[in-house]
Amino acid sequence: MSIILNGIGVSKGIAIGNAYVYVRATTRAKEYNVPAKYHQKEVERLHLAVTEASQQLHDVKQKIAQETPEDILAFIDSHLLMLEDPAFDEGATSIIKEFSCNAEWALQIQCDRLVQVFDEMEDPYLRTRKDDVIHVVQRIQHCLAEKPKSTSEPVRLKGRIVISDDLTPADTLVMQHEKVAAFVTEFGGPMSHTAILARNLGIPAIVGVHNARQLIHPTEKLIIDGHYGAVIGDPDARSLKHYRNLRQQNLKRKAEYKRLINKPAITLDGCPILIQGNIDRPEDIRNLKHFDDTGVGLYRTEMLFLENNQAVDEETQFKTYKRALFRLKGKPLTIRTLDLGADKEIRDALSQGPMAHNPAMGLRAIRRCLKEPENFIHQLCAIMRVAAYGDVKMMIPMMTSIDELEQISALVEHAKELLRQRKARFNDDIEIGAMIEVPAAALSSAIFAHRLDFLSIGTNDLIQYTLAIDRIDDEVNYLYNPLHPAVLQLIKITIDAGKSAKVPVSMCGEMASDPRYTRLLLGMGLDYFSIQANAILEVKDIINNSDIGVLRPKAEEILRCHDLQKIESLVDQLNR
Ligand code: PEP
Ligand code: MG
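Residues numbered from 1 in each chain as written. Chains lettered and ligands numbered in written order. Predicted model: local features only at pLDDT ≥ 70, side-chain atom pairs only at ≥ 80, totals over all residues. Heavy atoms only, no water.

Caption draft 1: Up close: the coordination of the magnesium ion (ligand 2). Here the magnesium ion (ligand 2) is held by Glu 437 (OE) and Asp 461 (OD), and the distances to it run 2.0 to 2.1 Å. Residue Glu 437 is located in the loop between strand S14 (431-436) and helix H17 (439-443), and its partner Asp 461 is located in helix H19 (residues 459-467); the two are separated by 24 residues in the primary sequence. (Donors = N, O, S within 2.8 Å, 3.2 Å for Na, K, Ca; no water. Helix = DSSP H or I, 4+ residues; strand = E, 2+ residues; numbered from the N terminus.)

Here it is as C-alpha cells:
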C-alpha cells in the first residue's frame, strides 16, 4: 500500500528510484575513566583519529574536485579548517586530562560547549552552523571506534534516493558524485547545508520528513516531489505514470532552456526585458555565468561583513567589489550598501547595546549606516572607487523617507571630498538608486524616482512590512503571500512611478525569481528582473513566450480584485 510523507521541499525536481537508508558514520560516545598514567596514550589516540578524519576529507576533496564548483568545496574546507585548528584538538586534550575521561567523551563535552555557543547566536543562519561542529565531532568519534572487518561489496548509489537523519556536506558531495537521484532527511531546514548544496547541485531534496527512516523500507520504491515536499512510498501504477510523465516534461524543458543561454529576453510582442542576477559574494558570479552571461542587479554586501563578523575596512571592501566587477568582464554591477540588522546581525563593535525587540523594524540597513556614518563613508568610498573601473551602480536598502535621502547625499558629497583630497581614482558621477521595500517608500516612489537614478523592488521585505509578517517566523509564514492585493498595489505604484519619471525599476526580491509570478509582473509593466542564477532561464523562457498586450488587461483585472483566493485563481489562469 502506498504511503505519503510530507516535509519541506528545498530543491525542486522529481525523482523516482529505490530508497537507500543511509546510516551516517555516527557513534554514540560512551564515557569511561582513563587513569592519569594513561592520559598521554589517550591523547595520542585522539590525535590519530583527528588525522584520520582529516585524511578522509582530503580524500573526498580529491575524489570530487574536478567537476565541483569552488563554493561547494568550501563546505568541506570549513570542516577541514575546524579539524586542523589546533584549538579544537587542544580543547579535547585538556578535557581528557581534566576529567580523566576517554577521547570520545572529551569530544562530546567539547561539542556540547561549542553547540551551546552557536545556539545562543541571534542570527538563524549562524545558528544552523552548529551542524558543522556536530558533523566534525562525529567523524572523529567514528575514527576512534573499532571498525568491524567488512568483506561486503560497497553499495551502488546511482539512481537511489538517500534517506538519512541528516547529511554532512562531505556525504552529500560524495553521493552527488555517485549520481544519487534525490535526498530525504529527517532534520534540517531550507537554510541547512544539505538544502543549500542540493539546490546548488540541482538534486531534488526534501528535509524535515520526521521518522522517514522508520516509515520507509530500506529498498522500497519511492517518488520524490521536491516542489511540494512529498515522498510517496510504494507508489501505485497510476502515480508512477503521472510522475514519470512529469519528470520527462521537466527534463525536456530543462534541456530546452539551454538554448536560451546568452539569448535576449524579449516578449512575443517585441518588448525587451532585462534580466540580471542576485549575488552574495563575488564567487557567486560563477553560478551566474553557468546560466547566463548577465550582469548583477543585486550584490548583498553584508555577507562580507557577516563572514568576517565585524566591520570591514575600505581597502578590503574595494578589493572585494573589484573582484566581483572583474569577474563580470564588463557587465554591470549593482552594489547594495550594507543591510545589516534583523536576521543579518553581527554582534561586535558595529552592533553594541541590547538586542532590539523588533530588529526588522529597528536600526537596520540605511538607518544603521546613517547612525554610524564613519563606517558608511568607508563603504561609499570603496564603491565609488570601484565605479571608476566599470559599470557600477550603488543601491540603498530600506529607504523610507526623503530626509534619509538628503543625509545620504550629504555623506556621498563628503566621501567624494575625502577621495579628492587623497587624490584617489573614483567615479564622481556614480548612479545611485534605492530599494523599494518599505510601504512608505512605495507610496513615495514618485518622489524617489525624481531624485534617484533607479529603483529596485525588494519584495521579501515589502511583503514582510506591508502584511506585518516576520519573514523568518514559521508561525506566520502561511500569511506571507506576494499576491496579497495590498502588496500588488504597492508594486504597481512603484512600477508606474518609475515609468512616468523615465527611471528604470527592477525587482530583486524572490517574487521576481518565481516563475509563477513572471506573467503577472510583465502584465503589470515590470521590464527588469534581478533573480537567482538558477531561475534565469526558466523566467526568460516564460518572458519569451508571453505577449504583454494580452497580459496587461488580465493583470489590470487582477489589480482590481480584493479577494485573495480569486486573485490566486486568476494568476493560475494566466499561467495556464
Ligand atoms: C528584499 O527585501 O526583497 C531583498 C531583495 O533584500 P533582502 O532579501 O536582502 O532583504
Ligand atoms: Mg530587503
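Caption draft 2: Structural view of the pairing of strand S10 (residues 272-279). Buried residues dominate S10, accounting for 6 of its 8 residues. In this structure, strand S9 (residues 265-266) lies alongside S10, joined through 2 bridges in antiparallel fashion. In the strand pairing of S10, Ile 266 is matched with Pro 272. Between S9 and S10, which pair antiparallel in sequence order, lie 5 residues; one of them, Gly 270, sits at a positive phi of approximately 85 degrees. Both S10 and strand S17 (residues 528-531) contribute to a ladder of 4 bridges, which runs parallel. Residue pairing for S17: Ile 275 is matched across the bridge by Phe 529. Bridge count for S10 against strand S11 (residues 296-300) is 3 bridges, and the pairing is parallel. Along S11, the bridge assignment pairs Ile 279 with Tyr 299. (Buried < 20%, exposed > 50% of the residue type's maximum accessible area, 1.4 Å probe, protein only. Pairing = 2+ DSSP bridges.)

Caption draft 3: Inspection of the environment of Asp 269 at higher detail. With respect to the helices and strands, Asp 269 occurs in the loop between S9 and S10. It is 5.4 Å that separates the C-alpha atoms of Asp 269 and Asp 547, two residues lying 278 residues apart in sequence. Apart from the residues within four sequence positions on either side, Asp 269 is in contact with Ser 546, Asp 547, Ile 548 and Gly 549. A polar contact is formed between the side chain of Asp 269 and the backbone nitrogen of Ile 548, at a distance of 3.1 Å. (Contact = heavy atoms within 4.5 Å. Polar contact = N/O pair within 3.5 Å; in protein donor to acceptor, adjacent residues only side chain to side chain.)

Caption draft 4: How the structure looks around the nonpolar core. Core analysis: the largest hydrophobic core is formed by 101 residues, its most contacted members being Ile 491 and Phe 529. In this view, Ile 491 contacts Ile 457, Thr 459, Leu 462, Met 507, Met 511, Leu 521 and Met 524; residues no more than four positions away in its chain are not counted. Among the nonpolar cores identified, the runner-up in size contains 44 residues, and Leu 80, Leu 144, Leu 167 and Ile 203 belong to it. (Core = buried A, V, L, I, M, F, W, Y, C linked by side-chain atoms within 4.5 Å.)

Caption draft 5: The arrangement of the environment of Asp 429 in detail. Along the chain, Asp 429 falls in the loop between helix H16 (402-421) and S14. The sequence separation of Asp 429 and Met 384 amounts to 45 residues, and the corresponding C-alpha distance is 8.7 Å.

Caption draft 6: Representation of the site of ligand 1 within the structure. Around ligand 1 sit 15 residues, and of these Arg 300, Arg 336, Asn 460, Asp 461 and Arg 471 come closest. Between an oxygen atom of ligand 1 and a main-chain N or O atom of Asn 460, the distance comes to 2.8 Å. Asp 461 places a side-chain nitrogen or oxygen 2.9 Å from an oxygen atom of ligand 1. Calculation on ligand 1 without its partners gives an accessible area of 280 Å², and the protein chains cover 99% of this total. Put simply, ligand 1 lies in the second largest cavity. When contributions to the shell around ligand 1 are tallied by element, the ones reaching two or more residues are S11 and H19. (Near = heavy atom within 4 Å. Areas by Shrake-Rupley, 256 points an atom, 1.4 Å probe, with all protein chains shown as cover. 1 Å grid on protein atoms, 1.4 Å probe; cavity = no way out; pocket = protein on both sides within 12 Å on 5 of 7 lines; lining within 4 Å. Sits in = over half its atoms within 2 Å of the grid points.)

Caption draft 7: Focus on the domain arrangement of the protein chain. Parsing the protein chain into structural domains produces domain 1 (3-23 + 150-256), domain 2 (36-144) and domain 3 (276-400 + 428-547). Look at where the C-alpha atoms of domain 2 and domain 3 centre, and you get two points 37 Å apart. (Domains from an automatic or database assignment.)

Caption draft 8: Main features of the pattern of salt bridges. Considering all chains together, one arrives at 24 salt bridges under this definition. With a shortest N-O distance of 3.3 Å, Asp 541 and Arg 259 are connected by a salt bridge. Of this pair, Asp 541 sits in helix H22 (residues 536-544) while Arg 259 sits in the loop between helix H10 (237-257) and S9, and the two are 282 residues apart along the sequence. According to the relative accessible area criterion, Asp 541 is buried, its value standing at 13%. (Salt bridge = Lys/Arg side-chain N within 4 Å of Asp/Glu carboxyl O.)

Caption draft 9: Spotlight on the packing of helix H13 (residues 314-327) against helix H15 (residues 373-386). Running from N to C, H13 and H15 cross one another at 35 degrees; their axes reach a closest spacing of 9 Å. Here the hand of the crossing between H13 and H15 comes out right-handed. Of the residues in H15, those in contact with Glu 314, Glu 315, Gln 317, Phe 318, Tyr 321, Lys 322 and Leu 325 of H13 are His 378, Gln 379, Cys 381, Ala 382, Ile 383, Arg 385 and Val 386. Partitioned by chemical class, the residues of the contact of H13 with H15 number 7 nonpolar, 3 polar and 4 charged. (Axes fitted to C-alpha atoms, helices over the stretch in contact; angles between N-to-C directions. Left-handed = near helix turned anticlockwise from the far one by under 90°. Nonpolar A, V, L, I, M, F, W, Y, C, P; charged D, E, K, R; others polar.)

Caption draft 10: Spotlight on the sheet that holds strand S3 (residues 14-21). Taken in spatial order, the 8 strands make up an open sheet running S1-S8-S7-S3-S4-S5-S6-S2, and their pairing is mixed. Looking at the sheet topology across the chains shown, the edges are occupied by strand S1 (3-6) and strand S2 (8-11). Here the strands of the sheet are splayed against their neighbours by 30 degrees on average, with no regard to which way each runs. Summarising the sheet, strand S4 (residues 161-164) and strand S5 (residues 182-185) pair through 4 bridges and their orientation is parallel. Its bridge partner being in S5, Val 162 is matched across the sheet by Phe 183.

Caption draft 11: Up close: H22. Counting buried positions along H22 yields 8 of 9 residues, so the element is predominantly enclosed. Every buried residue belonging to H22 is among Ile 536, Leu 537, Val 539, Lys 540, Asp 541, Ile 542, Ile 543 and Asn 544, and all of these are buried. Those residues of H22 that are buried lie in contact with H10, S9, S10, helix H11 (285-291), helix H21 (518-523) and S17.

Caption draft 12: A look at the packing of aromatic side chains. Per the counting criterion, the structure on display carries 4 aromatic pairs. Taking the centre distance of 6.1 Å and the plane angle of 55 degrees together, the rings of Phe 318 and Tyr 389 count as tilted. Of this pair, Phe 318 sits in helix H13 while Tyr 389 sits in the loop between H15 and strand S13 (392-396), and the two are 71 residues apart along the sequence. Overall, Phe 318 belongs to the buried group, its relative accessible area being 7%. Between Phe 326 and Tyr 389 the ring centres are 6.3 Å apart and the planes differ by 70 degrees, which places this aromatic pair in the edge-to-face class. (Phe/Tyr/Trp six-rings, centres within 6.5 Å; stacked < 30°, edge-to-face > 60°.)

Caption draft 13: View of empty space enclosed by the protein. Under the counting rule described, the total for this entry stands at 3 cavities of 30 Å³ or more. Lining the second largest cavity are 15 residues, with Arg 300, Arg 336, Glu 437, Asn 460 and Asp 461 positioned closest to its centre. Elements that contribute at least two residues to the lining of the second largest cavity include exactly S11 and H19. Tallying contributions element by element places H19 first for the lining of the second largest cavity, with 3 residues. Tallied by class, the residues present in the lining of the second largest cavity amount to 3 nonpolar, 4 polar and 8 charged. (Points joined across faces, edges and corners; volume = space filled by probe spheres on them.)

Caption draft 14: Summary view of the side chain of Asp 339. By the secondary structure assignment, Asp 339 is in the loop between strand S12 (333-336) and helix H14 (365-371). Looking at Asp 339, its side chain comes within polar contact range of the side chain of Arg 336, at 3.3 Å. At 2.9 Å, the side chain of Asp 339 forms a polar contact with the side chain of Arg 364.

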